[in-house]
Amino acid sequence: MMDALVETTLHQAKLPAKLFVRDNKGHIQAYTGPMPGDDPDVPDIPVLVRQPWPGAMVPTLPRTEPSNQSMCYIVKNHDRRGKFNPQAAEKLGVVRTDYKLLANGQNATGKDGTTVTPSMVLGEAVLGTGFAIVDLPDASYVDALVNRPEWSNGSIMKGVHVVFWSLGRGLSSDPRLQDFMQKMSDIKHIVSSVDTCPNRIALESVAAQAFKLRCIDPDRFPLPIYNNEVSVSNAPTTATSSIYESARIGKTVQFAPQYLHQDDKIVPFPDIERMAQDYLNSEVLEMAQQARNKVSDPEFLAKIEKVESDIPHRDAEIITLGTGSALPSKYRNVSATLARVPGCGNYLFDCGENTLGQLGRVFGNDLPEVLRDLKGIWISHLHADHHLGTASVIRAWHEETSKSNPSAKLLVASHAHMIDWLREYADIENYGYDRLVTSTFRFERTTRICKPQVFTQEETDLLGLKQIDACFVQHCFGALATVFTFPSGLKIAYSGDCRPSDDFVKIGKGTTLLIHESTFDDELQGDAIAKKHSTMSEAIDIGRRMGARRILLTHFSQRYQKVPNIEESLEIRVDAEGSKKAALDEVILVAFDYMRVKLGDFRKAQAFLPALQKLFEDVNDEQ
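Residues numbered from 1 in each chain as written. Predicted model: local features only at pLDDT ≥ 70, side-chain atom pairs only at ≥ 80, totals over all residues. Heavy atoms only, no water.

Draft legend 1. Structural detail: unusual backbone geometry. Omega for the peptide link from Ala-256 to Pro-257 comes to 5°, which places this bond in the cis form. Position of Pro-257 among the secondary structure elements: in the loop between β14 (252-254) and β15 (260-262). Even without being a glycine, Asp-112 presents a positive backbone phi close to 60°. With respect to the secondary-structure elements, Asp-112 resides in the loop between β6 (108-109) and β7 (115-116). The phi torsion at Asn-234 lies on the positive side, around 65°, for a residue other than glycine. By the element assignment, Asn-234 lies in the loop between β12 (227-231) and β13 (245-246). (Helix = DSSP H or I, 4+ residues; strand = E, 2+ residues; numbered from the N terminus.)

Draft legend 2. Molecular detail of helix α10 (residues 355-363). Among all positions in α10, only Thr-355, Gln-358, Leu-359, Arg-361, Val-362 and Phe-363 are buried. Positioned one or two residues after α10, Gly-364 has a phi angle of 55°, which is positive. (Buried < 20%, exposed > 50% of the residue type's maximum accessible area, 1.4 Å probe, protein only.)

Draft legend 3. Broad picture of the sheet that holds strand β8 (residues 130-136). Strands sit in the order β5-β8-β9-β10-β13 across an open sheet of five strands; the sheet is mixed. In this open sheet, the two strands that pair with only one neighbour each are β5 (73-76) and β13. Two elements, strand β9 (residues 160-167) and strand β10 (residues 188-193), share six bridges in a ladder whose sense is parallel. Across the sheet, the residue bridging to Leu-167 is Ser-193, located in β10. Most of the contacts of helix α5 (residues 175-183) go to β9, to which it runs at about 170°, and overall it touches β8, β9 and β10. (Pairing = 2+ DSSP bridges. Contact = heavy atoms within 4.5 Å. Axes fitted to C-alpha atoms, helices over the stretch in contact; angles between N-to-C directions.)

Draft legend 4. Region of interest: the sheet that holds strand β2 (residues 19-22). Ordered by their spatial adjacency, four strands build an open sheet running β1-β4-β2-β3, and the pairing between neighbours is antiparallel. Every interior strand has two partners, whereas the edge strands, β1 (5-9) and β3 (28-30), have only one. Here the strands of the sheet are splayed against their neighbours by 40° on average, with no regard to which way each runs. Summarising the sheet, β1 and strand β4 (residues 46-50) pair through five bridges and their orientation is antiparallel.

Draft legend 5. Spatial organisation of the packing of aromatic side chains. Scanning the entire structure with this criterion turns up 18 aromatic pairs. Ring centres 5.2 Å apart and planes at 50° place the aromatic pair Phe-84 and Tyr-99 in the tilted group. Residue Phe-84 is located in the loop between β5 and α1 (86-91), and its partner Tyr-99 is located in helix α2 (residues 99-103); the two are separated by 15 residues in the primary sequence. Grouping residues by exposure puts Phe-84 and Tyr-99 together as buried. Ring geometry for Tyr-347 and Phe-484: centres 6.4 Å apart, planes at 80°, overall edge-to-face. Remark: Phe-484 occurs in strand β24 (residues 480-485) and Tyr-347 occurs in strand β18 (residues 345-351); sequence separation between them is 137 residues. Comparing Tyr-347 with Phe-484 shows no difference in burial state: the two are buried. In textbook terms, an aromatic cluster arises when at least three aromatic residues are bridged by ring pairs, as seen for Tyr-347, Phe-349, Trp-378, Phe-441, Phe-484, Phe-486 and Tyr-494. (Phe/Tyr/Trp six-rings, centres within 6.5 Å; stacked < 30°, edge-to-face > 60°.)

Draft legend 6. Structural view of the state of the cysteines. Summed over all chains, the structure comprises zero disulfides. Residue Cys-351 stays outside any disulfide, its sulfur separated by 17 Å from that of Cys-476, the closest cysteine. We note that Cys-498 lacks a disulfide partner, and the nearest cysteine sulfur, in Cys-471, lies 7.9 Å from it. Under the relative-accessibility criterion, Cys-498 is labelled buried at 0%. (Disulfide = S-S within 2.5 Å.)

Draft legend 7. A look at the packing of helix α6 (residues 204-216) against helix α21 (residues 609-616). Two elements in contact, α6 and α21, have axes whose closest approach is 10 Å; the angle formed by their N-to-C orientations is 145°. Seen along the crossing, α6 lies across α21 with a hand that is right-handed. Note on element contacts: α21 touches α6 through Ala-611, Leu-612, Leu-615 and Phe-616, opposite Gln-209, Lys-212, Leu-213 and Ile-216. Here the contact of α6 with α21 is composed, by residue class, of six nonpolar, one polar and one charged. (Left-handed = near helix turned anticlockwise from the far one by under 90°. Nonpolar A, V, L, I, M, F, W, Y, C, P; charged D, E, K, R; others polar.)

Draft legend 8. Structural context of the nonpolar core. Within the largest apolar cluster, 54 residues are counted, with the highest numbers of intra-cluster contacts made by Trp-378, Ile-468 and Phe-486. Residues within four places of Phe-486 in sequence aside, it is in contact with Val-341, Cys-344, Tyr-347, Gly-464, Leu-465, Lys-466 and Ile-492. Listed in part, the 30 residues of the second largest apolar core include Val-206, Val-362, Leu-410 and Val-412. (Core = buried A, V, L, I, M, F, W, Y, C linked by side-chain atoms within 4.5 Å.)

Draft legend 9. Spatial organisation of the pattern of salt bridges. What the rule picks out here adds up to 30 salt bridges. Across the pair Glu-150 and Arg-148 runs a salt bridge, and its minimum N-O distance is 2.8 Å. For Glu-150, a relative accessible area of 24% gives the class partly exposed. Across the pair Asp-263 and Lys-251 runs a salt bridge, and its minimum N-O distance is 2.6 Å. Taken as a pair, Asp-263 in the loop between β15 and α7 (272-277) and Lys-251 in the loop between β13 and β14 lie far apart in primary sequence, twelve residues in all. Judged by its relative accessible area of 40%, Asp-263 is partly exposed. Owing to a relative accessible area of 17%, Lys-251 belongs among the buried residues under this scheme. Linked through salt bridges whose partners overlap, the residues forming this network are Glu-305, Glu-308, Asp-310, Arg-314, Arg-549, Arg-550, Lys-581, Asp-585 and Arg-603. (Salt bridge = Lys/Arg side-chain N within 4 Å of Asp/Glu carboxyl O.)

Below, the structure is given as structure tokens:
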């Protein structure tokens, strides 16, 4: 049994592990004595330990190498028998009870004992139709693809009406492919490519929400960047090709009972402004105007300057790329937060699925510059919604900096197992692993607070960081919270996913900005405990115990769209001094996807909170 205890000795047990011993009566109890390494004279006594799960016994995956194969498919329906002709069967003298034999392809007996075959009573067979799916990552695959013998095999290609092409950058104009398509002009070619498909908005609801937010606070909520007339690679898409059709969302091809292109199902380009205006009322817009008047008032701005004069790097900008939990939803992508610290670099805190796509929506043509200045990535734990986009971001950074600064390095800091995963993935794809600087955090024997990563002056010049602190938190195996400290004194604390942590408070004392998960509303504390997450009040309490000047709540359950009710004073206390300054100058914000806010603008963003709450007060949270 997998949960059975096996006997070994204290020095032979593989740690960390829960150890047990038998007392004088033979009863099993937890071992609480000294461990090997604590003292040279620790006796090698018999202990009991659970047999590890088989997967835990595999320290590393076997080495492999990248595959140079691309999987392509030809999919065909079976031929269908012709229509059964009951009049012909009756004329041949077949009794009705034997009609099913003929319909199933078996012979039957007619009048005078004659044999009636299916071909005598069935119409012409209906030929099975089909399609091909072709995936070509780059030009090195083209010759092998176009020379495949299947394309000239009549029995295979008979009935194939469409080829769906998924092409890498630049391949749609490759002369070899264009010649191949022209030679097979009797087949419809539908091409999906970054060169041919418009850089359109795919998620209409989140774009409409972004537009509504922009109408309230345009300085913090930009529109996601898109262009219905230009592709992702900035190629025009308005002209049509004579040899292929560009793929469109909703395009439907019917293959049975008849072959038919249903272009009426193509999804039109959304009118984001019209969708957003349907939900903007005059009261919300009036409240937004009042907030704009407030944040432009010279007296208001003077108070901010006085109170925040001691905050380092007030020009540092926080961009929340993904603010939801578990899975991408209608309104929130999964975890990713970018910190841009002028003079130091750009730093990603977690890197969930499609983080690179979110960066493209925020920065558009400026994305190459953002990637060139990327200095570090922190991964809090190995749940997919926090790390699935890491390799794609590193690959994009690698491709961009290989041209502009080949000697550049990128820091990736996380639990040792995340670094192991990145190394193993490098066996499959050359995405730039050899250019990484890795910082691993492991369990300490006597504390959950890890040994800090203190950078040398040379490393600080390279990576822009002075120190990284981390501690293990209650969520899953290897889950970590961290504090990034910059040479200017700026400290950014990031919780990842966790229950409230006293150790996190210790390493985050005096932090400038706390970014903390707020998965559940306060009334769902039981859910938070069971699922090892935090409620909104628990997250805020961590910030107050740290003495954080600014608190940003993120990682909300995907059931929530509206803004939670936060009871905080909007008054700026110019008398905030000394040990009470953090408490009196506290500002709490709620994150949305695509939100951009500088440390020095938290007070301005806070002024729009009443308008935001009014905007979402009639929205029903999705269950």
